[in-house]
Amino acid sequence: MDQSLKQYLPKDYKSRAYYTPYDVSVHNTANDLWVSFFGKVWDLTQLVQENISSKLCEPLIKIAGSDISYWFDKQTGEPRKQVDVNTGLITYYCPQGRYLHIPSSDPCGDDELGDHSKPWWNNEQQYCIGNLSHKTRKVKIINMLTDHEDIIEVPSEETINEILDRYKQINAHAASYTWKRLGKPLDMELTLSANGIPDETDEFEQLGVPESQWYIPAIHLYFNDDLTVA
C-alpha cells in the first residue's frame, strides 16, 4: 500500500458492545465517521464515502464524532420537523444544513440523494455498531509487577473481561495477570459494580466535591508467570 494513503484510512477499532463518548469522538473525519444518537453508535463512513461528491455529506462531516440525538424526535426516531418562519411550511430540522436522505423542501428542486427507500437512520443493521454507554466511570489499574498505574475510562456496563480487553492497548499481556480488588480475585464475567466496586461519582457530584478529588477505585494486577501471546 502507498504509505501516503494511510492517513485516509479509517482508524482501527475494536468491535464492542458498549462505547464511551470518547471512543466515538476520535472517529471524526470524512473517511472515519462515527456518530451517536439515542444510545446507539453508528459508523457512517461507508455511507459518506459512497456519496462523498454530494453536498449533503457536509453536515454529517461537520458533526463527525459527536452525539446528534437532538436531530431526531425521541418518540418516533425520525428526523425532527419545524415550521419554517418564512414560509409557514413544515420542514425538516437540519441545524447543520440538509443531509443525506432528507427530502428537499422545494417541490421543484433537485432531490439529490434525498429520496431514499431506507434512510440511514432506519438502517440499524448496516450502520449501527453498538451501544453508547449510559454512564462511564474511571478505574485505576495497578500492575504489581512493574508498579505502573493507569487510569482508564470505561462503560459502567462492561465486564472485567471487557475492561481487560481495553487495557490491552496499554499492556498487550493483560490476560497473563490475575485481576484483584483488595486482595480478592475479581469475577471476570461481572461488571465493576457487580464485583462490589460501586460507582460513587454521583455522590461526589451532589456533595460538590471537585472532580479532580473524586476517589477512583483501584484494581491490582498480579503476574501469573505464563506469558500469553499478544
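- As recorded in an unreviewed UniProt entry, the chain goes by the name Cytochrome b5 heme-binding domain-containing protein, listed as coming from Paramecium octaurelia.

1. Description of the nonpolar core
Alright, step 1. With 23 residues, the main nonpolar core has Leu 44, Leu 60, Ile 68, Phe 72, Tyr 99 and Trp 120 as its most contacted residues.
Alright, step 2. Only strand 3 (32–37) and helix 2 (45–50) provide two or more residues apiece to this core.
Alright, step 3. Looking at this core element by element, the count peaks at three residues for strand 3.
Alright, step 4. Dropping the residues within four chain positions of it, Phe 72 is found in contact with Phe 37, Phe 38, Gly 77, Glu 78, Pro 79, Arg 80, Tyr 99, Trp 120 and Trp 121.
Alright, step 5. Residues Ile 163, Tyr 167, Leu 186 and Leu 221 belong to the second largest nonpolar core, which totals 17 residues.

2. A closer look at the pairing of strand 7 (residues 128–132)
Alright, step 1. Among the five residues of strand 7, four are classified as buried, and the element is accordingly described as predominantly covered.
Alright, step 2. Pairing of strand 1 (residues 18–19) with strand 7 involves two bridges; the strand directions are parallel. Counterpart to Tyr 19 in the pairing with strand 7 is Leu 132.
Alright, step 3. The sheet contact formed by strand 4 (residues 40–43) and strand 7 spans three bridges and is antiparallel. Paired with Val 41 across the bridge in strand 7 is Gly 130.

3. Description of unusual backbone geometry
What you tend to see is this: most non-glycine residues have negative phi, and most peptide bonds are trans.
Alright, step 1. Phi at His 101 takes a positive value of approximately 80°, unusual for a residue other than glycine.
Alright, step 2. Position of His 101 relative to the elements: it lies in the loop between strand 6 (90–92) and helix 4 (124–127).

4. Description of the pairing of strand 12 (residues 218–223)
Alright, step 1. In the sheet, strand 8 (residues 136–143) pairs with strand 12 via four bridges, with the strands oriented parallel. Counterpart to Ile 141 in the pairing with strand 12 is Ile 219.
Alright, step 2. When strand 10 (residues 177–181) meets strand 12, the two strands line up antiparallel, connected through four bridges. Paired with Tyr 177 across the bridge in strand 12 is Phe 223.

5. Let's talk about the environment of Gln 46
Alright, step 1. For Gln 46, the position within the fold is in helix 2.
Alright, step 2. Judged by relative accessible area, Gln 46 falls into the partly exposed class, the value being 43%.
Alright, step 3. Between the C-alpha atom of Gln 46 and that of Asp 32, which follows or precedes it by 14 residues, the distance is 8.6 Å.
Alright, step 4. At 2.9 Å, the side chain of Gln 46 forms a polar contact with the side chain of Glu 50.

6. Considerations on the packing of aromatic side chains
To describe a pair of aromatic rings, you give the distance between the ring centres and the angle between the ring planes.
Alright, step 1. Applying the stated criterion across every chain, the model contains 16 aromatic pairs.
Alright, step 2. Seen in terms of ring centroids, Phe 37 and Trp 120 are 6.0 Å apart; in terms of plane orientation they differ by 80°. Their pairing is edge-to-face. Note that Phe 37 is positioned in strand 3 and Trp 120 in the loop between strand 6 and helix 4, a separation of 83 residues in sequence.
Alright, step 3. What makes Phe 37 buried here is its relative accessible area of 4%.
Alright, step 4. Ring centres of Phe 72 and Trp 121 lie 6.1 Å apart, and the angle between their planes is 55°; this geometry places the pair in the tilted category.

7. Section: the pattern of salt bridges
Alright, step 1. Within the structure shown, the criterion is met by six salt bridges.
Alright, step 2. Residue Lys 135 pairs with Asp 199 through a salt bridge whose shortest N-O separation is 2.9 Å. Of the two residues, Lys 135 is situated in the loop between strand 7 and strand 8 and Asp 199 in the loop between strand 11 (184–185) and helix 6 (201–206); the sequence distance between them amounts to 64 residues.
Alright, step 3. Under the relative-accessibility criterion, Asp 199 is labelled partly exposed at 25%.
Alright, step 4. Residues Asp 202 and Lys 135 are paired through a salt bridge, measuring 3.9 Å at the closest nitrogen-oxygen approach. Residue Asp 202 is found in helix 6, and its partner Lys 135 is found in the loop between strand 7 and strand 8; the two are separated by 67 residues along the sequence.
Alright, step 5. Of the residues examined, Lys 135 reaches a relative accessible area of 25% and is grouped as partly exposed.
Alright, step 6. Overlapping salt bridges, with partners in common, bring together Asp 23, Glu 158 and Arg 166 in one network.

Calculation rules
- Along each chain, residues carry numbers from 1 onward, in the same order as the chain's sequence is written.
- The model is predicted, so local features are restricted to residues of pLDDT at least 70 and side-chain atom pairs to those at 80 or more, both for listing and for counting; the totals for chains, interfaces and linings are taken over all residues.
- The basis for every side-chain value is the complete set of heavy atoms in the structure, and neither hydrogens nor water enter the calculation.
- Side-chain atoms within 4.5 Å link the members of a nonpolar core, which is a set of buried Ala, Val, Leu, Ile, Met, Phe, Trp, Tyr and Cys residues.
- Under the scheme applied here, a residue whose accessible area is under 20% of the maximum for its type counts as buried, over 50% as exposed, and between as partly exposed, the area being computed with a 1.4 Å probe on protein chains only.
- By the criteria applied, helices consist of DSSP H or I runs no shorter than four residues and strands consist of E runs no shorter than two, each listed in order from the N terminus.
- Here a residue-residue contact requires only that any non-hydrogen atoms of the pair lie within 4.5 Å.
- Strand pairing is assigned whenever DSSP detects at least two bridges linking the two strands.
- Polar contacts, as used here, are pairs of N or O atoms within 3.5 Å; protein pairs need one atom able to donate a hydrogen and one able to accept it. Residues neighboring in sequence count only if both atoms are side-chain atoms.
- Pairing of aromatic side chains requires ring centres within 6.5 Å, counting the rings of Phe and Tyr and the six-membered ring of Trp. Pairs whose planes differ by under 30 degrees are stacked, by over 60 edge-to-face, and all others tilted.
- The term salt bridge refers to a side-chain nitrogen of Lys or Arg lying within 4 Å of a carboxyl oxygen of Asp or Glu.

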